[in-house]
Amino acid sequence: MMKRYVRAVVLLLTAAAGLTFSLKKADAAAKDYRVETVTEPISVPGQILSDAPVFNSDTLTRKQISSKDVTVSKGTNITVIGEKKTVVNNKVLKWFKVSFPVGKKKYKGYIKNSYIELINITTAAAKIIDAPEGTKVKVNPAKKKSVTSDGVIVTVKTSDKVNVLSETTFNGKKWYNISFDFNGKHVTGYLRVKFVMLTKSTKEVKIYALNEAQFEEEMKKQGVPEEYKQYLRVLHDQYPFWEFRMYETGLEWDTVIKSESVVGRNLIPNSKSEAWKSKDPKAYNEKTGKWKVFDGSTWVAASAEAVAYYMDPRNFLNERTIYQFETQEYQKGIHTKTGVEQVLSNTPFSGKKFSYVDPLTGKSAKMTYASAFITAAENTGVSPIHLASRVKQEVVTSATTTSEAVTGKNKTYPGIYNFYNIGATSGKKPVLNGLKWASEGTDYLRPWTDPYRSIVGGSMFIGSKYINVGQNTVYLEKFNVTPKDRYNHQYMTNVEAATSEAAKIKKAYEESGLLEKTPLVFSIPVYKKMPASPCAAPK
């Protein structure tokens, strides 16, 4: 039986809508917990005060976006995501790293802080820099009076941590309204901007454990199906820092299987035994004893029994295949480059670099494939483990070979790459369909003329079309039982894909040493009127 059940007081992720274990802090009775440090990035809204030149770095040497000079217009809303300082001719310059729109796209670059006004600040983390000994905090920029606490003048020193509450300008000079602790008391006041730099913030989060009785009570209260409970108990006994959420589809099981068994919607290799393949007249010729090929040269329609087996969550609530239900939002610190390298092991991408043209600078550069997936995750919020696993599933054919989708050597579409096989719709030449899609359009960094554009741009597509609209697990990408475009908006036709990809994700976590203490979140579908026992594999 399970010894502990764990949930986070502060969630690191937001999953698809569904039934969620409550996170109340009735953990006074909790028997165990651990502490995790969470880092929150800089994200402060701002506005351009006057037409501002943008640079590729915090120096005046390289302009951004190809060879053109780039200027962001007055009044443009931007987001500050970093801050640096440089010294030029003994003069200190402060720079904001910002994210800003250019047409329908967003770019990043550096702008002098004098061009930017911070607006609508909600307690931004910061630290004191270059502050002389005894630097005083003022009551108001317009007055010389200093803030006092218990009769003592409040001062700051370099490296002190503070929070920025707002920005104001007085006599042409910028001031921050800051708050912080001074001699054990919380104080607020004003300080010149030159002494303050925005930083990432860190905080400790307690992740609590429930005992066995609390776990049982919680599952009962949340209405977890009885037939799911036995599997969840075993999993939480092995991995006590995991969290399970039930995704209530509201759909009847027989209706779902009938809808997903429409001929051509789910495919399986022709090499499978007869029971796995559909004998619907649209899929099978009874006279010749042959199955109709729907994709490539080997993919035929899956039987309803095969669909039911792969769609029944109870068949996969185990430590090897549970990962098809893991929510796929990026978790920094959990989804690491080491984990990505593990996914890419035994593939042509393992430890390898590729050449590409930086879409912002227009200059040639090199990057490892693992780094590209991390870059994609940081820009789109999609798990790099998921992205790398998807690529391994879609285009890797052996330890040394890949499909033509990522060689850049296709004769019809030379120099085009499609790492996720996006647009590779079923047919005699699905790879060509995908390369055609990758060569057209201007969104998602298309055309994909190098691996970088394909890996990062493809991540943008997956994030916007799947992860961020509710299909945020491998299972839901394969079997779309969400309300939006139900049964039709499905990433792949291979009925076995979600289970196969789950095994790759598990291996990555296992070999990177992340499993034992990682608070992974799983969203597991629940259907109405399910069979009493898990649907068996076709014989």
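That block above? That's the structure.
The notes below deal with the structure included here.

Reading the values: rules and limits
- Residues numbered from 1 in each chain as written.
- Predicted model: local features only at pLDDT ≥ 70, side-chain atom pairs only at ≥ 80, totals over all residues.
- Heavy atoms only, no water.
- 1 Å grid on protein atoms, 1.4 Å probe; cavity = no way out; pocket = protein on both sides within 12 Å on 5 of 7 lines; lining within 4 Å.
- Points joined across faces, edges and corners; volume = space filled by probe spheres on them.
- Helix = DSSP H or I, 4+ residues; strand = E, 2+ residues; numbered from the N terminus.
- Expected span 1.5 Å × (residues − 1).
- Buried < 20%, exposed > 50% of the residue type's maximum accessible area, 1.4 Å probe, protein only.
- Contact = heavy atoms within 4.5 Å.

**So, the layout of surface pockets**
Phase 1 of the analysis: What the second largest pocket holds in volume is close to 990 Å³.
Phase 2 of the analysis: In terms of lining residues, the second largest pocket is bounded by 36 residues, among which Asp295, Glu394, Asn421, Ala424 and Thr493 are the most central.
Phase 3 of the analysis: Elements with a contribution of two residues or more to the lining of the second largest pocket: helix H7 (384-395) and helix H8 (430-439).
Phase 4 of the analysis: Here the lining of the second largest pocket gets four residues from one element, more than from any other, and that element is H8.

**Some points on helix H6 (residues 369-380)**
Think of an α-helix as turning once every 3.6 residues; residues three or four places apart then point the same way.
Phase 1 of the analysis: Given a rise of 1.5 Å per residue, 12 residues ought to cover 16 Å, and the 17 Å separating the end C-alpha atoms of H6 matches this to within 8%.
Phase 2 of the analysis: In terms of burial, H6 is largely enclosed, as 10 of its 12 residues are buried.
Phase 3 of the analysis: Burial in H6 covers these residues: Tyr369, Ala370, Ser371, Ala372, Phe373, Ile374, Thr375, Ala376, Ala377 and Thr380.
Phase 4 of the analysis: Residues of H6 that are buried sit in contact with helix H5 (337-344), strand S26 (353-357), strand S27 (364-368), H7 and helix H9 (451-465).

**What about the environment of valine 340?**
Phase 1 of the analysis: By the secondary structure assignment, valine 340 is in helix H5.
Phase 2 of the analysis: For the pair valine 340 and alanine 388, spaced 48 residues apart in sequence, the C-alpha to C-alpha distance is 6.4 Å.
Phase 3 of the analysis: Those residues in contact with valine 340 that sit more than four places away from it in its chain are Ala370, Phe373, Ile374, Pro384, Ile385 and Ala388.

**Comments concerning unusual backbone geometry**
Phase 1 of the analysis: The peptide bond linking arginine 446 to proline 447 adopts the cis configuration, its omega dihedral lying at 0°.
Phase 2 of the analysis: Along the polypeptide, proline 447 turns up in the loop between H8 and H9.
Phase 3 of the analysis: Here the phi dihedral of tyrosine 444 falls at roughly 55°; this positive angle occurs in a residue that is not glycine.
Phase 4 of the analysis: Along the polypeptide, tyrosine 444 turns up in the loop between H8 and H9.
Phase 5 of the analysis: Not every positive phi belongs to a glycine, and tyrosine 487 is a case in point at roughly 75°.
Phase 6 of the analysis: By secondary structure assignment, the location of tyrosine 487 is in the loop between helix H10 (474-478) and helix H11 (497-511).
Phase 7 of the analysis: Residue classification places tyrosine 487 among the buried residues on the basis of a relative accessible area of 12%.

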